[in-house]
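# Reading the structure
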Amino acid sequence: MKYYRVHTADIAWITQQPRGIFTTVWKLVDAGLLTESETAEYRKQRAYFESVLPVPPFYEQGNPEKAVTWFKNTEEGNHIWEQMAFYRDMAAKYGVQLYITETDMLPGTVIYEDDYQIAVKDTIQDIVSHTEKL
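Anyway, here's the lowdown on the structure attached to this text. (Residues numbered from 1 in each chain as written. Predicted model: local features only at pLDDT ≥ 70, side-chain atom pairs only at ≥ 80, totals over all residues. Heavy atoms only, no water.)

The buried fraction of strand E6 (residues 117–121) is high, at four of five residues. Examined bridge by bridge, strand E3 (residues 68–72) and E6 share four bridges and lie antiparallel to one another. Paired with Thr69 across the two strands is Ala119, which belongs to E6. Relative to E6, strand E5 (residues 109–113) runs antiparallel, the two sharing four bridges. Within E6, the position partnered with Glu113 by the bridge is Ile118. Count of turn residues in the E5/E6 antiparallel hairpin: three residues. (Buried < 20%, exposed > 50% of the residue type's maximum accessible area, 1.4 Å probe, protein only. Helix = DSSP H or I, 4+ residues; strand = E, 2+ residues; numbered from the N terminus. Pairing = 2+ DSSP bridges.)

Spelled out as structure tokens, the structure:
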């Protein structure tokens, strides 16, 4: 199976891994950079994705295992990614470079899995992967 992760070059404090796209856009909202209408759309988009994409349970505890999520390169995982135009647009509008990292390997120890994604801890540092700018 192939997996991919969309992220920035910024390293997240908790995971010590590149910050994922959901957190990246939330950081823009938190910093007050989005317009009022963009913030309203962010809330709408977030509610939608939280209703259709399972939220791994470890997030409720503050992510104590420092896990990161990767989309599965499957019909379900790709469908979610295709729906994330708002997140891509906000990153582009506010000058945040996004990257996609793809791998054919499990990128770490799987602690959660659903039809769309996996979450791993102990990310393999020298994983065979390909990263490019989006």
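Note that an α-helix has 3.6 residues per turn; residues three or four places apart therefore point the same way. Considered for burial, the residues of helix H1 (residues 21–30) that qualify are Ile21, Thr24, Val25, Leu28 and Val29. Take H1 and look down its axis: the buried residues cluster within an arc of 145°, on one side only. Contacts from the buried residues of H1 go to strand E1 (3–11), strand E2 (18–20), helix H2 (36–52), helix H3 (75–82) and helix H4 (85–93). (Arc of directions from axis to C-beta. Contact = heavy atoms within 4.5 Å.)

With that settled, consider the packing of H1 against H4. Look at H1 against H4: their axes get within 10 Å of each other, and the N-to-C directions meet at 55°. Considering the angle they form, H1 stands oblique to H4. H4 is crossed by H1, and the crossing has left-handed handedness. Of H4, the residues touching H1 (which contributes Ile21, Phe22, Val25 and Leu28) are Phe86, Tyr87, Arg88 and Met90. Of the residues contributing to the contact of H1 with H4, the split by class is seven nonpolar, no polar and one charged. (Axes fitted to C-alpha atoms, helices over the stretch in contact; angles between N-to-C directions. Parallel < 35°, antiparallel > 145°, perpendicular 65-115°, else oblique. Left-handed = near helix turned anticlockwise from the far one by under 90°. Nonpolar A, V, L, I, M, F, W, Y, C, P; charged D, E, K, R; others polar.)

Our next topic: the packing of aromatic side chains. For the coordinates displayed, the defined rule picks out nine aromatic pairs. Between Phe22 and Tyr87 the ring centres are 5.1 Å apart and the planes differ by 75°, which places this aromatic pair in the edge-to-face class. With Phe22 in helix H1 and Tyr87 in helix H4, this pair connects stretches of sequence that are 65 residues apart. Among the residues examined, Tyr87 registers a relative accessible area of 1% and is labelled buried. (Phe/Tyr/Trp six-rings, centres within 6.5 Å; stacked < 30°, edge-to-face > 60°.)

In short, the description is geometric, and any link to function would need to be established separately.
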